[in-house]
Structures are given as structure tokens and as C-alpha cells.
Amino acid sequence: MGGVMPSIGNRSSKTFKPKKNIPEGSHQYELLKHAEATLGSGNLRMAVMLPEGEDLNEWVAVNTVDFFNQINMLYGTITDFCTEESCAVMSAGPKYEYHWADGTNIKKPIKCSAPKYIDYLMTWVQDQLDDETLFPSKIGVPFPKNFMSVAKTILKRLFRVYAHIYHQHFDAVIQLQEEAHLNTSFKHFIFFVQEFNLIDRKELVPLQELIEKLTSKDR
């Protein structure tokens with residue numbers, strides 16, 4: 001099990017995996033600051049749009065890192081509740097079960113507990129984000145041709161963590177008074193993936209009703 005188990009008293013500073021930092025002073029850091037400023041305006045539809053003159057790959061990269069950090073923190077608050085016993089399979093309600101494969105270390109999908117699955121998933125995402133050939137942090141280094149397909153796979157997998165939290169641990173989220181935080185984060189995530197068509201609709205089905213509810217007010 002990766003990361004430190006959070007104690008409820010100081011949970012705000014805990015994350016499941018180490019936070020992925022964007023270097024200060026870099027162009028991506030400026031983009032992240034822009035994203036944070038526009039989010040503050042409260043209009044999420046506007047906040048996710050590609051800023052004028054910016055590169056789509058870079059915008060997707062910065063936001064993908066940000067979503068990884070957000071989910072990392074949100075899952076970090078409920079790891080006490082997501083155990084081998086309580087979540088013997090990685091599911092999102094009774095109809096949806098996820099099996100893990102990363103195509104390299106584990107080629108054939110394996111059935112495993114939710115904490116194990118999420119540990120595999122977040123470690124895999126971290127490895128992608130740390131790979132300078134995939135997520136270049138230096139100015140002028142181009143993104144690879146397969147960048148968008150890698151980003152789509154990352155976002156598709158991160159969605160599954162939201163889906164698991166909502167379906168299996170929402171009571172714990174309410175108990176910890178984190179529901180507003182979770183809803184805002186997920187709404188931002190959904191608006192972003194909808195804006196750039198980054199996740200197939202069929203992948204979003206486990207949270208379809210929630211997505212309709214969260215997005216209907218902003219059409």
C-alpha cells in the first residue's frame with residue numbers, strides 16, 4: 001500500500017502518493033496559475049477552455065497533472081475506509097468492476113482489491129507524468145506524437161478513482177465533510193474532458209446520472 005495512512009485530524013496535508021510539482025517559473029507553471037485564476041471566477045465551462053495562443057498538448061498536460069494531484073489528495077482522505085476487506089474488488093457500484101493491466105508489467109488484466117488497483121493505477125500515472133519524453137517540462141521540448149492517446153488513457157483511469165469514491169465511499173466523504181471538495185473537483189474534471197472529448201462516453205456511464213446533474217446547470 002503506497003503512501004501514508006492519513007489520520008483524520010491532519011488529513012489535509014496527506015496525499016496517497018507524493019504530489020507531482022510543476023516547476024515554478026516554467027511556462028507550464030504560468031498555465032497552471034492561469035487555470036487556478038479562471039477557476040476562481042466560478043465559471044467552469046470558461047475555465048477549462050484552451051487559453052488563446054496556447055498549445056493544446058501543454059494545456060492538457062498541465063491539467064492532467066493537476067487532476068492527478070487532486071484525486072491523489074481526495075483518495076488520500078479515505079484510504080482508511082478503502083481496505084482489502086471493504087473493497088475486495090475495484091468496483092463502481094454493482095454493475096461495474098475494473099481489472100488492472102498496464103500493458104507492460106501486467107499484460108493480462110488481473111482482478112484485485114480496490115486499494116491494490118488504485119495503488120497500481122496511481123503509480124502507473126506517476127510514472128507517465130515523470131517521463132520527460134511523454135510530459136516534457138522544459139521549454140521548446142516537443143510533445144511526442146502519442147501524447148494525446150497517453151493523456152486520454154491517464155484521464156480514463158483517473159475517472160475510475162472518482163467512480164469508486166462516489167459509489168463505495170460517499171458516506172465517508174460526507175462524514176469527513178469533503179463532499180463539496182469532491183463535487184467541485186469532479187465537475188472540473190468532467191467539464192475538462194468534455195471540452196476536449198478526452199474520454200469515451202461509455203467509460204463515463206458509471207457516473208452518468210451525477211454527470212448530468214452536475215453539468216445541467218451550466219449548459
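Residues numbered from 1 in each chain as written. Predicted model: local features only at pLDDT ≥ 70, side-chain atom pairs only at ≥ 80, totals over all residues. Heavy atoms only, no water.

S.K.: For this particular structure, what's the right way to read the UniProt feature "binding site: Zn(2+)" (unreviewed entry) in the protein?
M.R.: As annotated in UniProt, the feature "binding site: Zn(2+)" (unreviewed entry) corresponds to Cys 82, Cys 87, His 164 and His 169 in the numbering used here. Sequence-wise these annotated residues cover 88 residues; spatially they are packed, their C-alpha atoms never more than 9.9 Å apart. Among the secondary structure elements, Cys 87 is positioned in the loop between helix H3 (56-78) and strand S1 (90-91). Cys 87 sits in the buried class, given a relative accessible area of 4%. Excluding its chain neighbours within four sequence positions, the residues that come into contact with Cys 87 are Cys 82, Ser 113, Ala 114, Pro 115, His 164 and His 169. Along the polypeptide, His 164 turns up in helix H5 (residues 147-175). When its relative accessible area of 0% is taken as the criterion, His 164 is described as buried. Those residues in contact with His 164, other than ones at most four positions away along the chain, are Cys 82, Cys 87, Met 90, Ser 91, Ala 92, Ala 114, Ile 118 and His 169. (UniProt positions renumbered as here; feature names shortened; annotations may be inferred. Helix = DSSP H or I, 4+ residues; strand = E, 2+ residues; numbered from the N terminus. Buried < 20%, exposed > 50% of the residue type's maximum accessible area, 1.4 Å probe, protein only. Contact = heavy atoms within 4.5 Å.)

S.K.: What am I meant to see in the packing of aromatic side chains here?
M.R.: Working definition: an aromatic ring pair is given by the centre-to-centre distance plus the angle between the planes. Applying the stated criterion across every chain yields a total of 14 aromatic pairs. Judged by centre distance (6.4 Å) and plane angle (20 degrees), the rings of Phe 186 and Phe 189 are stacked. Of the two residues, Phe 186 and Phe 189 are both situated in helix H6 (residues 179-195); the distance of 3 residues between them amounts to about one turn of the helix. For Phe 186, a relative accessible area of 0% corresponds to the buried category. By way of ring pairs, the aromatic residues Phe 67, Phe 159, Tyr 162, Tyr 166, Phe 170, Phe 186, Phe 189, Phe 192 and Phe 196 are connected into one cluster. The residue whose ring lies beneath Arg 45 is Phe 191, and the NZ or CZ to ring-centre distance is 3.8 Å. Taking the ring centre of Trp 124 as reference, the NZ or CZ of Arg 157 above it sits at 4.4 Å. (Phe/Tyr/Trp six-rings, centres within 6.5 Å; stacked < 30°, edge-to-face > 60°. Lys NZ or Arg CZ within 6 Å of the ring centre and 35° of its normal.)

S.K.: What is the right way to look at the nonpolar core in this model?
M.R.: One broad trend across soluble globular proteins is that nonpolar side chains are buried collectively. Grouped together as the largest cluster of nonpolar side chains are 69 residues, with contacts concentrated most on Leu 158, Phe 159, Tyr 162, Phe 186, Phe 189 and Leu 207. Take this core: its biggest share by element is 15 residues, from H5. Those residues in contact with Phe 159, other than ones at most four positions away along the chain, are Tyr 98, Phe 186, Phe 189, Ile 199, Glu 203, Leu 204, Pro 206, Leu 207 and Ile 211. (Core = buried A, V, L, I, M, F, W, Y, C linked by side-chain atoms within 4.5 Å.)

S.K.: Which parts of the structure should I look at to understand the packing of H3 against H6?
M.R.: For any two helices packed against each other, one specifies the inter-axial angle together with the distance between the axes. At a closest axis distance of 11 Å, the pairing of H3 and H6 adopts a crossing angle of 155 degrees. Of the possible angle classes, the one that applies to H3 and H6 is roughly antiparallel. The crossing of H3 and H6 is left-handed. In this structure, H3 contributes Trp 59, Val 60, Asn 63, Asp 66, Phe 67, Gln 70, Met 73 and Leu 74 to the contact, and H6 contributes His 181, Leu 182, Ser 185, His 188, Phe 189 and Phe 192. Split into classes, the residues belonging to the contact of H3 with H6 amount to 8 nonpolar, 5 polar and 1 charged. (Axes fitted to C-alpha atoms, helices over the stretch in contact; angles between N-to-C directions. Parallel < 35°, antiparallel > 145°, perpendicular 65-115°, else oblique. Left-handed = near helix turned anticlockwise from the far one by under 90°. Nonpolar A, V, L, I, M, F, W, Y, C, P; charged D, E, K, R; others polar.)

S.K.: Mind showing me how you'd approach helix H8 (residues 208-216) here?
M.R.: Each α-helix winds once per 3.6 residues, and so residues spaced three or four apart point in a common direction. Taken residue by residue, H8 has Leu 210, Ile 211, Leu 214 and Thr 215 as its buried positions. Take H8 and look down its axis: the buried residues cluster within an arc of 115 degrees, on one side only. In H8, those exposed residues whose orientation departs by more than 90 degrees from the buried face are Glu 209 and Lys 213. (Arc of directions from axis to C-beta.)

S.K.: Please explain the layout of surface pockets as it appears in this structure.
M.R.: Where empty space is left becomes clear once a probe the size of a water molecule has been rolled over the atoms. Of the pockets and cavities examined, the largest pocket occupies roughly 270 Å³. The wall of the largest pocket is formed by 14 residues, among which Lys 19, Leu 32, Glu 36, Asp 66 and Asn 69 lie closest to the centre. Secondary structure elements with two or more residues in the lining of the largest pocket: helix H1 (27-39) and H3. (1 Å grid on protein atoms, 1.4 Å probe; cavity = no way out; pocket = protein on both sides within 12 Å on 5 of 7 lines; lining within 4 Å. Points joined across faces, edges and corners; volume = space filled by probe spheres on them.)

S.K.: Would you mind going over the packing of H3 against H5 with me for this structure?
M.R.: At a minimum axis separation of 10 Å, H3 and H5 run at an interaxial angle of 25 degrees. Taken together, the axes of H3 and H5 are roughly parallel relative to one another. Relative to H5, the crossing made by H3 is left-handed. Residue-level inspection shows Leu 56, Asn 57, Val 60, Ala 61, Thr 64, Phe 67, Phe 68, Gln 70, Ile 71, Leu 74, Tyr 75 and Ile 78 of H3 in contact with H5, the latter providing Phe 147, Met 148, Ala 151, Ile 154, Leu 155, Leu 158, Val 161, Tyr 162, Ile 165, His 169, Ala 172 and Val 173. For the contact of H3 with H5, the class distribution of residues is 20 nonpolar, 4 polar and no charged.

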